[in-house]
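# Architecture and fold: a report
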Amino acid sequence: MYEASLPAWTYSDPRFFERERAAIFRLAWHIMGHASEVPHAGDYITLDILGERVVTVRDAQGTLRSFHNVCRHRAARLVSQARGHCGARLVCPYHAWTYGLDGRVAGVPSWQGFEDLDRSAYSLHPVEQEIFRGFIFVRFAPGLPSVAQMMAPYTHELEPYALEKLVPQGRVTLRPRPVNWKNVADNYADGLHIGVAHPGLTRLFGTSYRIEARDWVDKMSGDVQAVPSTNWSERAYQRLLPALTEVPADCRRRWAYYKLWPNVAFDVYPDQVDFMQFIPVSPTETLIREIAYVLPGANREMRAARYLNWRINRQVNVEDTVLIEGVQGGMASSCYTTGPLSPKEVCLRAFADRMRALIPEARHERPPSASSQSHDSPVSGGHSKMER
Ligand code: FES
Ligand SMILES: [Fe+2]
């Protein structure tokens, strides 16, 4: 008996989406960006996710702080850009209340009639923050281990990439996809499709692609083969790898992907590191928020490798986009409920197990309201590993 995938209805059902918001995303660590994106006092970055909005700002002492990007007066958005500089104060664009970079009210226009306001009661609401190897994470409620604890199985592997020293290459991009966030996450950790649907990766990796699932992190990786690819970009990239001396020799051929529960993925290449964040927008819409980082001071070979990497992965992206949109459509079909998961799909199985443990309705082939009418039974093989 094969373990069943998550049922199709969980990829479009509004009530299930609300359950995910409370059971998963309320508790999850959300990546804001990297400390190097806010190098000076007054620099800030923002994130909007599931009705919450956060601003991370650096103060004059160099400390990074994260706040709800919500004015304490009438809830206006304090800063609206993805990244910017606010000077010594955050000034609300609605009625010009100002806040220090520590979140305290610094000023309220005197003519507005708030002479007796207890300013100390109206500081910006802080958001819990963790810096992991230079990357800034926030969360809205406690419960999960720290990012450092979750990433612990791979900390030693990431060491050679000097993540703290990365600087942004370009800006954050937001790519909308008409699919449920789990569809993007599943595809990211799906091991069986690489050799079928990504000819470029297959030429690069040969048979070296492998996946593994730890408690909070899935890892996918492949070794770029020495045998020259028939594709020009891939062949040129392969030739450049020995010159990428920023990382130790044993990292120069490795492409590794780490997916942190539930929706943050790090792509770690010898020439750059990026993160992709799958931001749920609605049951059938996801924003892929992405930015690449590099070590400063690249030579010509490194710059060429980055360009070729971009070309190679642009094609992978096109292929995955077609696949996930096709799957989203198939899941809406009346013929499909669940499919079998191979024992080799350790990441998809672990993900489905965790989802069923957190949201028990995910064990039903049909939405619970529909199942009570059709005498539906829980999905066979769908009991959580964590409960056994
Ligand atoms: S809403 Fe910000 S000052 Fe009024
Ligand atoms: Fe893919």
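Residues numbered from 1 in each chain as written. Chains lettered and ligands numbered in written order. Predicted model: local features only at pLDDT ≥ 70, side-chain atom pairs only at ≥ 80, totals over all residues. Heavy atoms only, no water.

### Examining the coordination of the iron ion (ligand 2)
When four donors bind a metal tetrahedrally, each ideal donor-metal-donor angle is 109.5 degrees, and when six bind octahedrally, the ideal angles are 90 or 180 degrees. For the iron ion (ligand 2), every protein donor is listed as His193 (NE2), His198 (NE2), Asp320 (OD) and Asp320 (OD), and the spread of their distances is 2.1 to 2.4 Å. Angles of 57 to 158 degrees at the metal separate the 4 donor atoms of the iron ion (ligand 2), which places the site in the irregular class. By relative accessible area, Asp320 is classed as buried at 16%. (Donors = N, O, S within 2.8 Å, 3.2 Å for Na, K, Ca; no water. Tetrahedral: all angles 85-135°; square planar, octahedral: opposite > 155°, others 65-115°. Buried < 20%, exposed > 50% of the residue type's maximum accessible area, 1.4 Å probe, protein only.)

### Brief notes about unusual backbone geometry
The amide bond that connects Trp261 to the next residue, Pro262, takes the cis arrangement and shows omega of -10 degrees. Mapped onto the elements of the fold, Pro262 is located in the loop between β15 (254–260) and β16 (264–268). The backbone phi angle of Leu50 is positive, close to 50 degrees, even though this residue is not glycine. Following the sequence through the fold, Leu50 ends up in the loop between β3 (43–49) and β4 (52–58). Of the residues examined, Leu50 reaches a relative accessible area of 16% and is grouped as buried. (Helix = DSSP H or I, 4+ residues; strand = E, 2+ residues; numbered from the N terminus.)

### Focus: the confidence of the model for the protein
In this model, the protein carries a mean pLDDT of 95, and residues with pLDDT of at least 70 account for 95%. Confidence drops under a pLDDT of 50 for residues 373–388, and excluding neighbours within four residues, the segment shows 28 contacts in the predicted structure. (pLDDT = per-residue confidence, 0-100. Contact = heavy atoms within 4.5 Å.)

### A word on the packing of aromatic side chains
In the structure shown here, the tally under the stated rule is 19 aromatic pairs. Aromatic pair Trp255 and Tyr269: ring centres 4.7 Å apart, planes at 80 degrees, arrangement edge-to-face. Residue Trp255 is found in strand β15, and its partner Tyr269 is found in the loop between β16 and β17 (273–282); the two are separated by 14 residues along the sequence. By relative accessible area, Trp255 is classed as buried at 0%. With relative accessibility at 4%, the residue Tyr269 sits in the buried group. (Phe/Tyr/Trp six-rings, centres within 6.5 Å; stacked < 30°, edge-to-face > 60°.)

### Topic: helix α4 (residues 181–189)
Here α4 lies mainly inside the structure; 9 of its 9 residues are buried. Inspection of α4 places Trp181, Lys182, Asn183, Val184, Ala185, Asp186, Asn187, Tyr188 and Ala189 among the buried residues, and these make up the whole buried set. Taking the backbone nitrogen of Lys182 as reference, a side-chain oxygen 2.8 Å away marks Asn180 as the first, capping residue of α4. (Polar contact = N/O pair within 3.5 Å; in protein donor to acceptor, adjacent residues only side chain to side chain.)

### Re helix α7 (residues 232–240)
Three or more residues of α7 are buried, namely Ser233, Glu234, Ala236, Tyr237, Gln238 and Leu240. Of the surrounding elements, those touching the buried residues of α7 are α6 (199–205), β15 and α8 (300–331).

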